[in-house]
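A structural walkthrough
Read off the chains here:
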Amino acid sequence: MSTSVRIIPRSDKVYQLLVFFSNRAVYAHILRKTDNHIVAAASTAEKVLRVNLTNHRNKDAAASVGRAVAERSVAAGISAVHFNRPKGKMFHGKLRMLIDNIRDAGLPLH
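Everything numeric in this text was worked out from a predicted model, so none of it was measured. In this convention, every chain numbers its residues from 1, walking through the sequence in written order. Only residues with pLDDT of 70 or above have their local features reported here, since the model is predicted, and side-chain atom pairs are shown and tallied only from 80 upward, although totals for entire chains, interfaces and linings are computed over all residues. Hydrogens and waters are ignored; side-chain quantities use all the structure's heavy atoms.

**Remarks on the overall build of the chain**
Secondary structure follows DSSP: runs of H or I at least 4 residues long count as helices, runs of E at least 2 residues long count as strands, and numbering of each begins at the N terminus. Looking only at helices and strands, one finds three helices and three strands in the chain. When the elements of the chain are put in sequence order from the N terminus, they spell out β-β-β-α-α-α. Of the contacts made within the chain by residues no fewer than 6 positions apart, 57% connect residues no fewer than 24 positions apart. Using a 1.4 Å probe, the Shrake-Rupley method yields the accessible areas, and only the shown protein chains count as cover for residues. Put simply, the chain shows about 7300 Å² of open surface, and 51% of that area lies on carbon and sulfur atoms. A contact between two residues is defined here by any heavy atoms of the two lying within 4.5 Å.

See the structure below:
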């Protein structure tokens, strides 16, 4: 007979950063892992971020998405976010710009 064990996340890993780069846009979400609720989100598909961008999928777009998602999550009361780098992906280019701008906006990553 097997028993199932529910793992409760540690308090510093309650919020997780999810990033997706499509051929048309850059997306970033802050997910609360306890109930899988998206607390803050930003993407270049939003009209607010699209206005100042000439290209919606380059490093500048990733930087603006990083700043926007950090500002929205700080406004929602989030103090720190956990980010797992996907295996096989290098930490450079658009991903590095997005993460650096999140840190610069005042949201620490663990």
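**Concerning helix α3 (residues 94–104)**
The rule is simple: take the accessible area with a 1.4 Å probe, protein chains only, and divide by the maximum for that residue type; under 20% is buried, over 50% is exposed, in between is partly exposed. Leu-95, Leu-98, Ile-99, Asn-101 and Ile-102 are the residues of α3 that are buried. Buried residues in α3, looked at end-on, bunch into an arc of 165°, giving them a common side. Against the buried residues of α3 lie β1 (15–21), β2 (26–32) and α2 (59–75). Directly after α3, the chain includes Gly-106, whose backbone phi takes a positive value near 100°. Comment: arc refers to directions from the helix axis out to C-beta atoms.

**Considerations on the packing of α2 against α3**
A fitted line through C-alpha atoms represents every axis, and for helices the fit uses only the stretch in contact; the resulting angles, taken between N-to-C directions, go from 0 to 180 degrees. Running from N to C, α2 and α3 point in directions that differ by 30°, and their axes come no closer than 7 Å. Here α2 is positioned roughly parallel relative to α3, judged by the angle of their axes. For α2 against α3, the interelement crossing comes out right-handed. Judged by residue contacts, Lys-59, Ala-62, Ala-63, Val-65, Gly-66, Arg-67, Val-69 and Ala-70 of α2 engage Lys-94, Met-97, Leu-98, Asn-101 and Ile-102 from α3. In this scheme, roughly parallel covers angles under 35 degrees and roughly antiparallel covers those over 145, while 65 to 115 is roughly perpendicular and the rest are oblique. For any helix crossing, the convention is left-handed if the near helix is rotated counterclockwise from the far helix by under a right angle, and right-handed if that rotation is clockwise.

**A closer look at α2**
Given 3.6 residues to a turn, an α-helix orients residues that are three or four positions apart in the same direction. Take the residue count of a helix, subtract one, and multiply by 1.5 Å to get its expected span. In a regular helix each residue adds 1.5 Å, so 17 residues correspond to 24 Å; α2 covers 24 Å between its end C-alpha atoms and thus fits that length. By the burial criterion, the buried members of α2 are Ala-61, Ala-62, Ala-63, Ser-64, Val-65, Gly-66, Ala-68, Val-69, Ala-70 and Ser-73. Lining the buried residues of α2 we find β1, β2, β3 (37–43), α1 (47–50) and α3. Once α2 finishes, Gly-77 follows within two positions and takes phi at roughly 95°, a positive value.

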